[in-house]
Amino acid sequence: MINVKTIRLREIRLPLREPFRISSGIVSERRILLLELTDASGVTVWSECVAGEAPNYSPETIDTAWVAISQWVAPRVIGREFAHPGEVHDVLDKDFRGHNMAKAGVEMGMWALAAEQAGLPLARLIGGTRETIATGISLGIQSSPAALVQKAREAIAEGYRKVKIKIMPGSDVQFVSAAREELGPDAPLMADANNAYTLDDVDHLAALDALDLMMIEQPLAWDDLVRHAELQRRLETPVCLDESITSLDRAIDMHTLGAGRIVNIKPGRVGGFGPSIAIHDYCQEHGTPVWCGGMFESGVGRAYNVALASLPNFTKPGDVSPSARYWERDVVTPEWTMDASGMVKVPLDQPGIGVTVDMNRIENLTARTATVGAA
Ligand code: OSB
Ligand code: MG
């Protein structure tokens, strides 16, 4: 039985090593919402809500998530007995629209509590089969093609197995083709537009077909499947959906409409591990590859992404880069590392998420806390 007694919310501020620009905004310091879930027997686990500071990726922000968790999500699970963490998502979703990242932060923590109870690594609890996961890097929009080429070259040299290039009108074909020319035909390149285009841009986007990209991620509006289907019919490059896939139903719609051929799964975006696993399984049955996206998680959120990416149909490298790509110092021990061939180890030597939070460091970074449930 999983029985959560208290949920403590904590906002920390963690500066990125370098500002990250995507088509819809820029971030230089992450405001990160960490959760501590304590069960009736006194076991505590950490989880992370991945909402950002501004609503440019999805409607959620760290501030809306703070309210949603405090007022609606936490009260729904506290004091309630769950036989399995797979039951949590439906309870959180009943007559409760949206707020997927808020729901996911709590739901995922409950999977970690179940893993602690079962004495299993989180990756094993959910049926993960991999011992290491393949890693990619996501490169923000750079000032020039030459600057991008430099970053991409370094990434390949470090061992990354996929280089994702953020694009927007004015920084697209010319940038990506410079990377292709300089890094050669075998470099594993892809592009991510974060909704920067419309169907009027089809001919322009079709120019990317010549660059042999692994995929183009979310070129059109965040909530649009119909126009992505039209676009996919006119592109050879596989379309991968990120923002648009907010549930299992949207993944089914994507497949049914032909709106894309690959799915980026971010557990926060879909409401947690329950829906993530369901999307993974559906895609596996339908021959659609998936990979694990990232939201600049701290080492806590990263632990969940690594566990998720150990499932068998995560067949493309994830945006699950090592701690040092993001932070001067992460908030967990050990920090996440990547070997020279671009692989991150799935922690399998202890129960739970596999990393410990560095409390001294966390206290210093904390901007606010709140506790829901009796202490
Ligand atoms: O579109 O995948 C995205 C970060 C924030 C918001 C959206 C996205 C991203 C990334 C970063 O691409 C991936 C990472 O965490 O390394
Ligand atoms: Mg994306």
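Parameters and conventions
- Residues numbered from 1 in each chain as written.
- Chains lettered and ligands numbered in written order.
- Predicted model: local features only at pLDDT ≥ 70, side-chain atom pairs only at ≥ 80, totals over all residues.
- Heavy atoms only, no water.
- Axes fitted to C-alpha atoms, helices over the stretch in contact; angles between N-to-C directions.
- Helix = DSSP H or I, 4+ residues; strand = E, 2+ residues; numbered from the N terminus.
- Parallel < 35°, antiparallel > 145°, perpendicular 65-115°, else oblique.
- Left-handed = near helix turned anticlockwise from the far one by under 90°.
- Contact = heavy atoms within 4.5 Å.
- Nonpolar A, V, L, I, M, F, W, Y, C, P; charged D, E, K, R; others polar.
- Donors = N, O, S within 2.8 Å, 3.2 Å for Na, K, Ca; no water.
- Buried < 20%, exposed > 50% of the residue type's maximum accessible area, 1.4 Å probe, protein only.
- Salt bridge = Lys/Arg side-chain N within 4 Å of Asp/Glu carboxyl O.

Student: A description of the packing of helix H9 (residues 248–257) against helix H11 (residues 273–285) should follow, citing residues and the corresponding values.
Tutor: Taken N-terminus to C-terminus, the directions of H9 and H11 make an angle of 20°; their axes are 9 Å apart at the nearest point. Between H9 and H11, the angle falls in the class roughly parallel. Of the two elements, H9 crosses H11, and the hand of that crossing is right-handed. On the side of H9, the interface is formed by Leu248, Ala251, Ile252 and His255, while H11 contributes Ala278, Ile279 and Tyr282. Grouping the amino acids of the contact of H9 with H11 by side-chain chemistry returns 6 nonpolar, 1 polar and no charged.

Student: Outline the coordination of the magnesium ion (ligand 2), supporting the account with residue identities and numerical values.
Tutor: At 2.1 to 2.3 Å from the magnesium ion (ligand 2) lie its protein donor atoms, namely Asp192 (OD), Glu217 (OE) and Asp242 (OD). The sequence pattern formed by the donor residues of the magnesium ion (ligand 2) is D-x24-E-x24-D. A residue pair is termed long-range when its members are at least 10 positions apart, and Glu217 in strand E9 (residues 216–217) and Asp242 in the loop between strand E10 (239–241) and H9 qualify at 25 residues. Residue Glu217 shares its accessibility class with Asp242, and that shared class is buried.

Student: Residues and numbers for the pattern of salt bridges, please.
Tutor: Tallied over the entire structure, the rule returns 25 salt bridges. Between Glu11 and Arg13 there is a salt bridge, and its shortest N-O distance comes to 2.8 Å. Judged by its relative accessible area of 0%, Glu11 is buried. Among the salt bridges present, the one from Asp224 reaches Arg227, with a minimum N-O distance of 2.7 Å. You can call Asp224 buried: its relative accessible area is 8%. What makes Arg227 partly exposed here is its relative accessible area of 45%.

Shape is all these values report; function is a separate question.
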